[in-house]
Every structure is written in structure tokens, then in C-alpha cells.
Amino acid sequence: NKAERNKQLVGNYEVLTAIMIPTTCQNSSMEVYFEEDSEEETKHPCGDFCSYCSGRVQNHSGKVKKNTTIDLFTSDLFNGKSPTFGEVLKFVKANKRKIY
């Protein structure tokens, strides 16, 4: 289904962006995304606990194999599911040799 495939690709892109090249505090972003009653304005940056706030974002990862990563996320991780952030991290760690 083309619509489902597009939905999964957008989801993959959002997750990869948040992990690999965050533009805001990763902890605040996760809270806003996963909490039902969360509002972005009420969340404060973590200060030094994520790669964005600590300034480590430049060295967070090397180059990724884009097509392989998208294929893995679409076929093995998302595949009609909505994984938690913890599941995404475990998945990336388990597949890092294929992704990087």
C-alpha cells in the first residue's frame, strides 16, 4: 500500500533525524512525542544529558547507509507497528554494523 509506505518513510525520517542529527533537546522531544498531555512549551532542555544539549551532536555518529537503514526500519522495526523510543534505540544498537 503506497500510503502506508509513505507513512512509514516519514516516520523513519523523523526518528532518524531525532537520533542522528537532533535540532532540539532529545529528552524534551521524546517527552513531547510520547506523553499524551504534553505541551512543547512546558518542556525544558535537559542541560547536558543528551547529545544535543551536551554539544556531542557533531560526533554522534558516522555516515549511515541510508537505503539500508530505511529498509531495516521499514521491514523489521516499523512494519505496521509504532515502536517505543527504547525499542528504536535497541534496534539501532543491534543493527549498527549494517547501518554504519
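Each chain has its residues counted from 1, running along the sequence as written. Whole-chain, interface and lining totals are the exception, using all residues; otherwise, since this is a predicted model, local features are given only for residues with pLDDT of at least 70 and side-chain atom pairs are given and counted only at 80 or more. As a rule here, side-chain values come from all non-hydrogen atoms in the structure, and water together with hydrogens is ignored.

With respect to the overall build of the protein
- A run of DSSP states H or I qualifies as a helix once it reaches four residues; a run of E qualifies as a strand once it reaches two. Both are numbered from the N-terminal end. Assigned secondary structure in the protein consists of six helices and zero strands.
- For a compact globule of 100 residues, the expected C-alpha radius of gyration is about 13 Å, and the protein comes in at 14 Å, within 12% of that figure.
- Summary of the burial criterion: residues with accessible area below 20% of their type's maximum are buried, those above 50% are exposed, and those between are partly exposed, where the area comes from a 1.4 Å probe applied to protein chains only. Relative to its 100 residues, the protein shows a buried fraction of 27%.
- What sets the accessible areas is the Shrake-Rupley method with a 1.4 Å probe; for residues, cover comes only from the shown protein chains. With the model as given, the accessible surface of the protein reaches about 7,300 Å², and the carbon-plus-sulfur share is 52%.
- Looking at charge distribution, the protein has the averaged site of its 14 positive side-chain charges lying 15 Å from that of its 13 negative ones. Radius of gyration means the value over C-alpha atoms here, while the globule rule gives 2.2 Å times the residue count to the 0.38 power. For the purpose of charge, His is not counted, nor are the chain termini; Lys and Arg are scored as positive and Asp and Glu as negative. A charge is said to be at NZ when it belongs to Lys, at CZ for Arg, at CG for Asp and at CD for Glu.

Remarks on the packing of helix H1 (residues 2-20) against helix H4 (residues 66-78)
- Lines are fitted to the C-alpha atoms to define the axes, a helix being fitted only along its stretch in contact, and any angle between axes, read from their N-to-C directions, falls within 0 to 180 degrees. The contact between H1 and H4 brings their axes to 10 Å, and the two run at 110°. As summarised for this structure, H1 and H4 are arranged roughly perpendicular, according to the angle between their axes. The crossing of H1 and H4 is right-handed. Contacts between H1 and H4 involve Arg-5, Gln-8, Leu-9, Gly-11, Asn-12, Val-15 and Leu-16 on the former and, on the latter, Thr-69, Ile-70, Phe-73, Thr-74 and Phe-78.
- Residue classes follow a fixed rule: Ala, Val, Leu, Ile, Met, Phe, Trp, Tyr, Cys and Pro count as nonpolar, while Asp, Glu, Lys and Arg count as charged, and any other residue, Gly among them, counts as polar. Grouping the amino acids of the contact of H1 with H4 by side-chain chemistry returns six nonpolar, five polar and one charged. The scheme is simple: roughly parallel for angles under 35 degrees, roughly antiparallel for over 145, roughly perpendicular for 65 to 115, oblique for anything else. We call a crossing left-handed when the near helix sits turned anticlockwise from the far one by less than a right angle, and right-handed when that turn is clockwise. Two residues form a contact once any of their heavy atoms are found within 4.5 Å.

Remarks on the packing of aromatic side chains
- Working definition: rings of Phe, Tyr and Trp (its six-membered ring) pair if their centres are within 6.5 Å, and the pair is stacked with planes under 30 degrees apart, edge-to-face with planes over 60 apart, and tilted otherwise. Throughout the structure, instances matching the rule amount to three aromatic pairs.
- Seen in terms of ring centroids, Phe-73 and Phe-78 are 6.0 Å apart; in terms of plane orientation they differ by 35°. Their pairing is tilted.
- Classification of Phe-73 as buried rests on a relative accessible area of 0%.
- Judged by relative accessible area, Phe-78 falls into the buried class, the value being 11%.
- Seen from their ring centres, Phe-73 and Phe-91 are 5.6 Å apart, and the 85° between their planes marks the pair as edge-to-face. Highlighted residues: Phe-73 in helix H4 and Phe-91 in helix H5 (residues 85-94), separated in sequence by 18 residues. Each of the two residues, Phe-73 as well as Phe-91, counts as buried.
- Here the aromatic cluster, defined as three or more aromatic residues joined through ring pairs, consists of Phe-73, Phe-78 and Phe-91.

A look at the nonpolar core
- Nonpolar cores are built from buried Ala, Val, Leu, Ile, Met, Phe, Trp, Tyr and Cys residues. Side-chain atoms within 4.5 Å join them into one set. By size, the foremost hydrophobic cluster in this structure holds 12 residues: Val-15, Leu-16, Ile-19, Met-20, Leu-72, Phe-73, Leu-77, Phe-78, Val-88, Phe-91, Val-92 and Ile-99.
- Secondary-structure elements contributing two or more residues to this core are H1, H4 and H5.
- Beyond its immediate chain neighbours, meaning those up to four positions away, Phe-73 contacts Asn-12, Val-15, Leu-16, Phe-78, Asn-79, Val-88, Phe-91, Val-92 and Ile-99.

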